[in-house]
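Structural overview for review
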Amino acid sequence: MTRTHGIRLLALVGAALGTTLSTACGGARAGSAALTPATPDSTALSLSPSVRSADSIGALAARAEQDSAADQQVLDSLHRRHPPADSLERRPPAASPIKGEEVEREAERLFGAEGRAVIGAAPSAEPTFDIDVTSFATNRRVLEYLEFFQVDSRDRFEIWLARLGRYQGMIRERLRAKRLPEDLLYLCLIESGFSNTAVSRAKAVGMWQFMASTARLYGLTVDPWVDERRDPFRATEAAANYLADLRERLGSVYLAAAAYNAGVGRIERGIDRLPGEPDSVDDHTFFQLSDRRYLRRETRDYVPKLIAASLIAKQPARYGFEVEPQSPLVFDEVTVPDATGLDVVARLADTAVAVLLELNPQYVRGVTPPGRSVVVRVPRGRGTLVAVRYDSLPITERITFVDHYVSRGETLSDIAKRYRVSLTMIESANPRIKEHALRVGQRLIIPMSGRVVPASAWSVPPEPRYRRVSSTGVSAGNHRVRSGETASEIARRYRVSLTALLNYNGLTMGSVLRAGDVIKIPQKE
């Protein structure tokens, strides 16, 4: 390791993230905290620790939380029942999008009897798909979701279509490498709206909505400092491997997609229930399972949602959407040897904090992990500059803030005393804080004025809990835990999924079962 504190330019180039990066070489984007750039030929940078960095981080975190909440509201509504298409016809859409029935009539008028096979295709530029969209484009639920995306979720869906431009090339490349249909990238539209910060009620995270257990199985790091489910590049690699495994096991793209949503065991049990002994399965098998209601409703709707989203994404203007795709950019990667704030790296790179946060969403605390060497993405052309400047950076200036997770009974005054800062500094760094309404587990940004941050100053985030299932669900019985027994063993014994068992009992993967504990067994679906 050299005098450069272990920082090493990797000089890697790849597809980057977001329109916030479009101004990466020109400073802060509108609405983000302004940064003072160094002179172009500067090889060292002196950072004056202040509340501003923590202030910026807090404001950006609050804005990201609001944006994710808006995404999640629409994503949650995808799982609820929607009125039939004919009832939606009476609702005036904002920009007069084309109704599913109108698309069908126009296709038949243009292409005759075969028009149903090219639903939604403009006569002069028929889109092509590498998943079987045309065979099922007139499915009732597909038409209803076409309506839903154009009317109920129109504004948010347009944002998602813009995000598509940011990741499309990268995702297609990785799917192609696994010999998977490239149009499976549209799963991200219905899973997360291409949001890296999406968190479902069951605590699935990121663009591909991985549960922690599955993420770790496919090589992703999930810990209090790094959550690679939020890294679009690493998560896409894992998702491509997972989907390839599912397709190989089930023999169908749509069955693999359904298994991505429901779990492979549930799909295989449904196939076993089909009458007769089919020689093979294909994409039509999914619709056979759906028609017989062998799948739960969310899974029955999963492929129709994918088909509807694909139809719109391939030709958004045809469905009344005006989309300006976010452009993919390139980046350099540098190795950072110890805990360093992304706001500090942003200053070293003469760019906005928002750019670094968006390039590196896997660092969930806005800081690289202490005592661990990790790779950080910076705007392309800035890697060497960051490396040289980091070499001159005093250790006391690597961190401008720490995060604190509120414990039961804590007050702002208690927290201020713990970190030796004023209440005003905490309030300034957390624009949405309410002194008399702190929540247990709530994250607060604490400014640090140029001090070395000891390990004891880092508050441990609370372990996420799984969502309990509705109290209206009927239990299949109880199980009294025996000495040494694990949740996985209990799930296998009763032939239910581990996730369902944990959900039903409000447990997590880290929960300890003790002899004598009573576990409720959920009904098989």
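Residues numbered from 1 in each chain as written. Predicted model: local features only at pLDDT ≥ 70, side-chain atom pairs only at ≥ 80, totals over all residues. Heavy atoms only, no water.

1. Observations regarding the overall build of the protein chain
Here is the rule we go by: Each helix corresponds to a stretch of at least 4 residues labelled H or I by DSSP, and each strand to a stretch of at least 2 residues labelled E; elements are numbered beginning at the N terminus. Only heavy atoms enter the contact rule, under which two residues are in contact if any of them lie within 4.5 Å. Note on areas: Shrake-Rupley with a 1.4 Å probe; residue coverage comes only from the protein chains shown.
Counting its secondary structure elements, the protein chain contains 20 helices and seven strands. Relative to all contacts within the protein chain whose residues are 6 or more apart in sequence, the contacts with residues 24 or more apart total 73%. Accessible area for the protein chain stands at about 24,100 Å²; split by element, carbon and sulfur atoms hold 49% of it.

2. A few points about the packing of helix α4 (residues 140–150) against helix α13 (residues 302–314)
For the record, the criterion: Inter-axis angles, ranging from 0 to 180 degrees, are taken between N-to-C directions of lines fitted to C-alpha atoms, where helices are fitted over the stretch in contact. Roughly parallel means an angle under 35 degrees; roughly antiparallel, over 145; roughly perpendicular, 65 to 115; everything else is oblique. Crossing chirality is assigned from the near helix's rotation relative to the far helix, an anticlockwise turn below a right angle marking it left-handed and a clockwise turn marking it right-handed.
Direction vectors running N to C along α4 and α13 enclose 55°, while the axes themselves pass 8 Å from each other. If you check the angle between α4 and α13, you find them oblique. Crossing hand, α4 versus α13: right-handed. Contacts between α4 and α13 involve Arg141, Val142, Tyr145, Leu146, Phe149 and Gln150 from the former and Pro304, Lys305, Ile307, Ala308, Ala309, Leu311 and Ile312 from the latter.

3. Things to note about helix α19 (residues 487–494)
The condition is simple: Accessible area is worked out with a 1.4 Å probe on protein chains only. A residue is then buried under 20% of its type maximum, exposed over 50%, and partly exposed in between. By construction, the arc corresponds to the directions joining the helix axis to the C-beta atoms.
Listed as buried for α19 are Ala487, Ile490 and Ala491. Taken around the axis of α19, the buried residues stretch over an arc of 100°, which confines them to a single face. At the C-terminal side of α19, Arg495 shows a positive phi close to 60°.

4. Digging into the pattern of salt bridges
Put simply, the rule is: In the sections that follow, a salt bridge refers to a side-chain nitrogen of Lys or Arg positioned within 4 Å of a carboxyl oxygen of Asp or Glu.
Per the counting criterion, the structure on display carries 23 salt bridges. Glu144 serves as the salt-bridge partner of Arg140, at 2.7 Å between the closest nitrogen and oxygen. Note that Arg140 and Glu144 are positioned in helix α4 at a spacing of four residues, about one turn of the helix. On the accessibility criterion, Glu144 (4% relative accessible area) is buried. Ionic pairing is found between Lys314 and Asp183, a salt bridge with its closest N-O pair at 3.2 Å. Taken as a pair, Lys314 in helix α13 and Asp183 in the loop between α5 (154–177) and α6 (187–191) lie far apart in primary sequence, 131 residues in all. Ionic contacts of the salt-bridge type, sharing partners, join the residues Arg172, Arg176, Glu182, Asp183 and Lys314 into one network.

5. Topic: the environment of Asp183
Selection criterion: A 3.5 Å cut-off defines polar contacts: any pair of N or O atoms within that distance qualifies, except that in protein one atom must be a possible hydrogen donor and the other a possible acceptor, and neighbouring residues in sequence count only when both atoms are side-chain atoms.
Classification of Asp183 as buried rests on a relative accessible area of 1%. Beyond its immediate chain neighbours, meaning those up to four positions away, Asp183 contacts Thr128, Phe129, Asp130, Ile131, Arg172, Leu306, Ser310 and Lys314. Here Lys314 takes part through its side chain, which lies 3.2 Å from a polar atom of the side chain of Asp183.

6. Considering the nonpolar core
Worth spelling out the cut-off: Here, nonpolar core means buried Ala, Val, Leu, Ile, Met, Phe, Trp, Tyr and Cys residues that are tied together by side-chain atoms lying within 4.5 Å of each other.
Grouped together as the largest cluster of nonpolar side chains are 124 residues, with contacts concentrated most on Phe149, Ile171, Trp208, Tyr254 and Ile267. It is helix α8 (residues 232–250) that contributes the most residues to this core, ten residues altogether. In contact with Ile267, not counting residues within four places along its chain, are Leu250, Leu255, Ala258, Ala259, Ala262, Leu289, Leu295 and Thr299. Counting residues in each nonpolar core, the second largest holds eleven residues, with Val481, Ile490, Leu501 and Leu502 among its members.

7. A closer look at unusual backbone geometry
The backbone of Gln209 shows a phi angle near 55°, a positive value even though the residue is not glycine. Position of Gln209 relative to the elements: it lies in the loop between α6 and α7 (212–217). Classification of Gln209 by relative accessible area gives buried; the value is 12%. For Asp350, which is not glycine, the phi torsion reads 55° and is therefore positive. Here Asp350 is to be found in the loop between α14 (342–348) and α15 (353–359).

8. Topic: helix α16 (residues 383–391)
For an α-helix, the turn length of 3.6 residues means that residues three or four places apart are oriented alike. Summarising burial for α16: seven of the nine residues are buried, a large majority. Every buried residue of α16 is listed here: Gly383, Leu385, Val386, Ala387, Arg389, Tyr390 and Asp391.

9. Here's the deal with the packing of aromatic side chains
Rules: Only the six-membered ring of Trp is used, alongside the rings of Phe and Tyr, when aromatic pairs are assigned; centres must lie within 6.5 Å, and planes under 30 degrees apart are stacked while those over 60 apart are edge-to-face, with the rest tilted.
Going through the model one piece at a time under the given rule, you end up with 17 aromatic pairs. Measuring from ring centre to ring centre gives 6.3 Å for Tyr145 and Phe148, while their planes differ by 80°; the resulting arrangement is edge-to-face. Taken together, the residues Tyr145 and Phe148, both in helix α4 and three residues apart, mark about one turn of the helix. Note on Tyr145: relative accessible area 0%, which makes it buried. The exposure class of Phe148 is buried, given its relative accessible area of 4%. Plain terms: the ring middles of Tyr167 and Phe194 are 6.2 Å apart, the flat faces sit at 10° to each other, and that makes the pair stacked.

10. Points about the packing of α5 against α8
Where we set the bar: Note on residue classes: Ala, Val, Leu, Ile, Met, Phe, Trp, Tyr, Cys and Pro are nonpolar, Asp, Glu, Lys and Arg are charged, and everything else, Gly too, is polar.
Between α5 and α8, whose axes approach to 9 Å, the crossing angle comes to 35°. Relative to α8, α5 is oriented so that their crossing is right-handed. Taking contact as the criterion, the partners of Tyr167, Met170, Ile171, Arg174 and Leu175 in α5 are, on α8, Pro232, Phe233, Thr236, Glu237 and Ala240. Among the residues making up the contact of α5 with α8, the classes are represented as seven nonpolar, one polar and two charged.

11. Concerning the environment of Thr134
Structurally, Thr134 is set in the loop between α3 (100–111) and α4. As a C-alpha pair, Thr134 and Leu311 span 177 residues in sequence and 9.3 Å in three-dimensional space.

12. What about the environment of Ile521?
Within the secondary structure layout, Ile521 lies in strand β7 (residues 518–522). The sequence separation of Ile521 and Tyr504 amounts to 17 residues, and the corresponding C-alpha distance is 7.5 Å.

13. A look at the confidence of the model for the protein chain
Applied cut-off: Across the chain, each position has a pLDDT score giving the predictor's confidence in that residue, from 0 to 100.
Residues with a pLDDT of 70 or more make up 76% of the protein chain, whose mean pLDDT is 80. Within the protein chain, helix α2 (residues 85–88) has the poorest average pLDDT of any element, 42, and strand β3 (residues 374–379) the best, 97. Note that residues 466–474 has pLDDT below 50 and, in this model, 21 contacts with residues that lie over four places away or in other chains.

14. Comments concerning the side chain of Gln209
A distance of 3.3 Å separates a polar atom in the side chain of Gln209 from the backbone oxygen of Ala198. For Gln209, the residues in contact, after removing those within four places along its chain, are Glu191, Ser192, Ala198, Val199, Ser200 and Ala204.

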